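One-letter residues, chain by chain:
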Amino acid sequence: MRPFTYTRPTDARAAVAIAVREPDAKFLAGGTNLLDLMKTGVEHPAQVVDVSRLPLAGIEEREGGVRIGAMARNSDVANHPLIRERYPVLSQALVAGASPQLRNMATMGGNLMQRTRCYYFYDPTYAECNKRNPGSGCAARTGEQRLHAILGASDACIATHPGDMAVALAVLDAVIRVTGPQGARTRRISAVAS
Ligand SMILES: Cc1cc2nc3c(=O)[nH]c(=O)nc-3n(C[C@H](O)[C@H](O)[C@H](O)COP(=O)(O)OP(=O)(O)OC[C@H]3O[C@@H](n4cnc5c(N)ncnc54)[C@H](O)[C@@H]3O)c2cc1C
Ligand code: SF4
């Protein structure tokens, strides 16, 4: 096992500051994707920044819509009365994914940021994967292409985002608010996807 440092900041600004200081840091939320990738050696962060206990799990009515925190668990969002009544597509998309145990752990932020399920990305025995190892090539272009992109691919990578939830958020024209070194920014998820 590769050694790494574990930290648990108490607010989002502190979490961002750590990630800026340590470019090899990775945020840990529910861990359902990151820990699998660490076990297989695809991800090897020098620092794991545990954001799972940040107070960002709210699901609140806001200005005619709903605001959902990055740490809200997928099960809590899918089962929330506001989401089930007003945004059933989001509830259905979440329930379509994974299993109840995984949805109890998985967070909204982690779901959006989960890595692609490209077979070659997941298996470090394949040397060619530009996403895992920039400049190495793309094994999928001449290999197994089920689940890969038909539209919006590039010569460097034909992988897709694997999540169901992001599709529902795009249908709902959702806005994502991210905090980074330059402060908070908002983007429509449809603009991020394109
Ligand atoms: C067996 C299995 C089946 C699955 N099936 C489906 C499926 O059918 N449909 C589907 O959509 N998904 C599926 N998933 C994926 C699952 O939805 C994701 O693993 C989960 O949503 C990730 O959330 P998490 O909180 O556990 O993220 P983590 O594993 O903690 O993190 C995932 C990534 O997001 C980053 N990250 C996490 N939170 C933040 C944040 N707040 N800000 C910035 N970066 C962040 C992490 O650094 C990491 O790179 C499946 C997973 C498994 C293991
Ligand atoms: S499509 Fe190619 S570059 Fe992209 S993740 Fe898969 S193997 Fe890697």
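Scroll up a little and you will see the structure.
Along every chain, residues carry numbers that run from 1 in the direction the sequence is written. Numbering of ligands from 1 and lettering of chains from A proceed in the order in which they are written. Where local features are concerned, this predicted model is filtered to residues with pLDDT of at least 70; where side-chain atom pairs are given and counted, the filter is 80 or more; whole-chain, interface and lining totals use all residues.

> Before we move on, can you summarise helix α5 (residues 88-95) with the specific residues and values?
In an α-helix, one full turn covers 3.6 residues, which means residues spaced three or four apart are oriented alike. Among the residues making up α5, those that are buried are Leu-90, Ser-91, Ala-93 and Leu-94. All buried residues of α5 fall inside an arc of 165° around its axis, so they share one side. Whether two residues are in contact depends on their C-beta atoms, placed from the backbone: they are in contact if these lie within 7 Å. Helix and strand assignments follow DSSP, with helices taken as H or I runs no shorter than four residues and strands as E runs no shorter than two, numbered in order from the N terminus. As for α5, its buried residues are in contact with α3 (74-79), α4 (81-86), α6 (100-105) and α9 (165-171). Buried means a residue has 20 or more other C-beta atoms within 10 Å of its own C-beta, exposed means 12 or fewer, and partly exposed covers the counts in between; C-beta atoms are placed from the backbone. When we speak of the arc, we mean the arc of directions from the helix axis to the C-beta atoms.

> So what's going on with the site of ligand 1? Residues and values would help.
Proximity of a residue to a molecule or strand is defined by its backbone-placed C-beta atom lying within 6 Å of that partner. With respect to spatial proximity, 26 residues lie near ligand 1, and among them Gly-30, Gly-97, Gly-109, Gly-110 and Met-113 are the closest. Residue assignment for the shell around ligand 1 shows that the elements contributing at least two residues are β2 (25-28), α2 (34-39), α6 and α7 (108-113). In terms of residue count, α7 provides more of the shell around ligand 1 than any other element does, 4 residues in total. Ten residues, namely Ala, Val, Leu, Ile, Met, Phe, Trp, Tyr, Cys and Pro, are considered nonpolar, four, namely Asp, Glu, Lys and Arg, are considered charged, and the remaining ones, Gly among them, are considered polar. The class makeup of the residues in the shell around ligand 1 is 12 nonpolar, 11 polar and 3 charged.

> Give me the site of ligand 2: which residues, what numbers.
Around ligand 2, a shell composed of 13 residues is seen, among which Cys-118, Tyr-120, Cys-129, Cys-138 and Cys-157 lie nearest. Of the residues contributing to the shell around ligand 2, the split by class is 10 nonpolar, 2 polar and 1 charged.

> Would you mind going over the environment of Thr-179 in detail, with residue names and values included?
Examined against the element boundaries, Thr-179 turns out to sit in strand β6 (residues 175-180). Classification of Thr-179 by C-beta neighbours within 10 Å gives partly exposed; the count is 15. Put simply, Thr-179 and Arg-13 are 166 residues apart on the chain and 7.6 Å apart in space, counted from C-alpha to C-alpha. In this view, Thr-179 contacts Ala-12, Val-16 and Ala-184; residues no more than four positions away in its chain are not counted.

> Describe in detail the sheet that holds strand β1 (residues 5-7), supporting the description with residues and values.
Sheets are built from strands that pair by backbone hydrogen bonding, the pairs being arranged parallel or antiparallel. Whether two strands pair depends on DSSP finding at least two bridges between them. Taken together, 3 strands build an open sheet; the order of strands is β1-β3-β2 and the sheet is parallel. Two strands close off the open sheet at either side, each with one partner strand: β1 and β2. Direction aside, the axes of adjacent strands within the sheet are offset by 25° on average. Sheet topology places β2 next to strand β3 (residues 47-50); 4 bridges connect them, and they run parallel. From the neighbouring strand, Phe-27 faces β3, where its bridge partner is Val-49. Lines fitted to C-alpha atoms define the axes, with helix axes restricted to the stretch in contact, and inter-axis angles between N-to-C directions lie between 0 and 180 degrees.

> Would you mind going over the nonpolar core in detail, with residue names and values included?
To form a nonpolar core, buried Ala, Val, Leu, Ile, Met, Phe, Trp, Tyr and Cys residues must be joined through C-beta atoms within 7 Å. With 25 residues, the main nonpolar core has Ala-15, Val-51, Val-77, Leu-90, Leu-94, Met-165 and Leu-169 as its most contacted residues. Within the residue set of this core, elements represented by two or more residues are α1 (12-21), β3, α3, α5 and α9. Of the residues forming this core, the biggest block, 4 residues, is contributed by α9. Not counting chain neighbours up to four residues away, the residues in contact with Met-165 comprise Ala-93, Leu-94, Gly-97 and Asn-111. One finds Cys-118, Tyr-120, Cys-129 and Ala-159 within the second-largest nonpolar core, a separate group that totals 7 residues.

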